[in-house]
Amino acid sequence: MTTLAGTPDRPVRVNAVLDAPLSRWLWLVKWILVIPHYVVLFFLWIAFTLVSVVAFFSILFTERYPRSLFDFNLGVLRWSWRVAYYSYGALGTDRYPPFSLGEEPEYPARLDIAYPERLSRGLVLVKWWLLAIPHYIVIGFFLGGWHLGWWDGGLVAVLAVIAAVTLAFTEKYPRALFDLILGLNRWVLRVAAYAALMTDTYPPFRLDMGGTEPHEPFAPGDPS
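Nothing here was measured: the structure is a model prediction, and the numbers come from that model.

K.L.:
Even after reading the chapter, I still don't get the overall build of the protein chain, so can you show me in this structure?
P.N.:
Regarding its fold elements, the protein chain presents eight helices and two strands. Secondary structure elements of the protein chain, listed N to C terminal, follow the sequence β-α-α-α-β-α-α-α-α-α. Each of the 224 residues in the protein chain was classed as buried or not, and the buried ones make up 50%. Looking at the protein chain alone, contacts between residues at least 24 apart form 76% of all its contacts between residues at least 6 apart.

Written out as structure tokens, the structure is:
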């Protein structure tokens, strides 16, 4: 599994393409269609937590996040992001998410986190609980409850449903809503990567809206 090099100030990259056309009514039953994913993700997130504990001690003693553990946790985040994008984290595609921890470059939602060669021993003690508290407060409004990673009844889900209702009556997904929803999800994923000890770069308090990272072209299958 490969990870994009990224840049020191932007180690987490979240990109998505709004599919068209979208079904006007499929969104009503997606909560049923994703149940198999939720079952698998339930166990994957248990493993994610255990792997993060092992990584914590590895960073504390060696300043390194073992690459195999990093790739696994990145895979769980990717899987979760694809499921969220298909369902009520965005409703941005009708393509069923693959059961995969890999990159899946052809899928319209992508996540990449640059692998850190070294991580701070001091930060690992405080960043996931103390330093991240301001972000937890903010994204709590975005997400509502905690469910299989994130995305459960907060602002993101409300906006996605509003977009879906608009789609049902106009056959168009409002572009402005899509850009906002992606910005909110991007903020959440940056915080998730930081809290999971996968980067020392503090997430910005900034809403980068739109389907692509700022100043970065993106299309499914782009090998960059």
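K.L.:
Would you take a moment to explain the packing of helix H6 (residues 133-143) against helix H8 (residues 175-195) for this structure?
P.N.:
If you want to describe how two helices pack, look at the angle between their axes and the distance between the axes. Look at H6 against H8: their axes get within 10 Å of each other, and the N-to-C directions meet at 135 degrees. Of the possible angle classes, the one that applies to H6 and H8 is oblique. For H6 against H8, the interelement crossing comes out left-handed. For the pair H6 and H8, the contacting residues are His 135, Tyr 136, Val 138, Ile 139, Phe 142 and Leu 143 in the first and Leu 184, Trp 187, Val 188, Val 191 and Ala 195 in the second. Each residue belonging to the contact of H6 with H8 can be placed in one class, and the counts come to 10 nonpolar, one polar and no charged.

K.L.:
Whenever I open this one, the packing of aromatic side chains confuses me. Can you help?
P.N.:
Aromatic ring pairs are described here by two measures, namely the spacing of the ring centres and the angle between the planes. Applying the stated criterion across every chain yields a total of 16 aromatic pairs. When the centroid spacing of 5.9 Å and the interplanar angle of 90 degrees are considered together, the rings of Trp 79 and Phe 99 count as edge-to-face. Taken together, the residues span a long stretch of sequence, with Trp 79 in helix H3 (residues 67-86) and Phe 99 in the loop between H3 and strand E2 (109-113) at a distance of 20 residues. For Phe 99, a relative accessible area of 45% corresponds to the partly exposed category. Taken together, Phe 142, Trp 187, Tyr 194, Tyr 202 and Phe 205 form an aromatic cluster joined through their ring pairs. The cationic tip of Arg 67 hangs over the ring face of Tyr 115; the distance from NZ or CZ to the ring centre is 4.4 Å. The residue whose ring lies beneath Lys 127 is Tyr 194, and the NZ or CZ to ring-centre distance is 5.5 Å.

K.L.:
Explanation requested: the environment of Val 124 in the structure shown.
P.N.:
Locating Val 124 in the fold gives a position in helix H4 (residues 121-124). Taking the C-alpha atoms as reference, Val 124 lies 6.7 Å from Phe 56; in sequence the two are 68 residues apart.

K.L.:
I would appreciate a short explanation of H3 in the present structure.
P.N.:
At 3.6 residues per turn, the α-helix brings residues three or four places apart onto the same side. Over its 20 residues, H3 extends 28 Å from the first C-alpha to the last, a length consistent with the 28 Å expected when each residue adds 1.5 Å. Counting buried residues in H3 gives 17 out of 20 residues, a clear majority hidden from the surface.

K.L.:
In this structure, what is going on with the pattern of salt bridges? I would like to understand it.
P.N.:
When the charged atoms of two side chains with opposite charge come close together, those side chains can pair. Enumeration according to the criterion identifies 17 salt bridges in this entry. Of the charged contacts, one joins Lys 127 and Asp 200 as a salt bridge, the two residues approaching to 2.5 Å between their closest N and O atoms. In this pair, Lys 127 is assigned in helix H5 (residues 127-131) and Asp 200 in the segment after H8, connecting sequence segments 73 residues apart. Note on Lys 127: relative accessible area 1%, which makes it buried. When the shortest N-O distance is used, the salt bridge between Asp 208 and Arg 190 registers 2.8 Å. Residue Asp 208 is found in the segment after H8, and its partner Arg 190 is found in helix H8; the two are separated by 18 residues along the sequence. For Asp 208, a relative accessible area of 10% corresponds to the buried category.

Cut-offs used in this document
- Residues numbered from 1 in each chain as written.
- Predicted model: local features only at pLDDT ≥ 70, side-chain atom pairs only at ≥ 80, totals over all residues.
- Heavy atoms only, no water.
- Helix = DSSP H or I, 4+ residues; strand = E, 2+ residues; numbered from the N terminus.
- Buried < 20%, exposed > 50% of the residue type's maximum accessible area, 1.4 Å probe, protein only.
- Contact = heavy atoms within 4.5 Å.
- Axes fitted to C-alpha atoms, helices over the stretch in contact; angles between N-to-C directions.
- Parallel < 35°, antiparallel > 145°, perpendicular 65-115°, else oblique.
- Left-handed = near helix turned anticlockwise from the far one by under 90°.
- Nonpolar A, V, L, I, M, F, W, Y, C, P; charged D, E, K, R; others polar.
- Phe/Tyr/Trp six-rings, centres within 6.5 Å; stacked < 30°, edge-to-face > 60°.
- Lys NZ or Arg CZ within 6 Å of the ring centre and 35° of its normal.
- Expected span 1.5 Å × (residues − 1).
- Salt bridge = Lys/Arg side-chain N within 4 Å of Asp/Glu carboxyl O.

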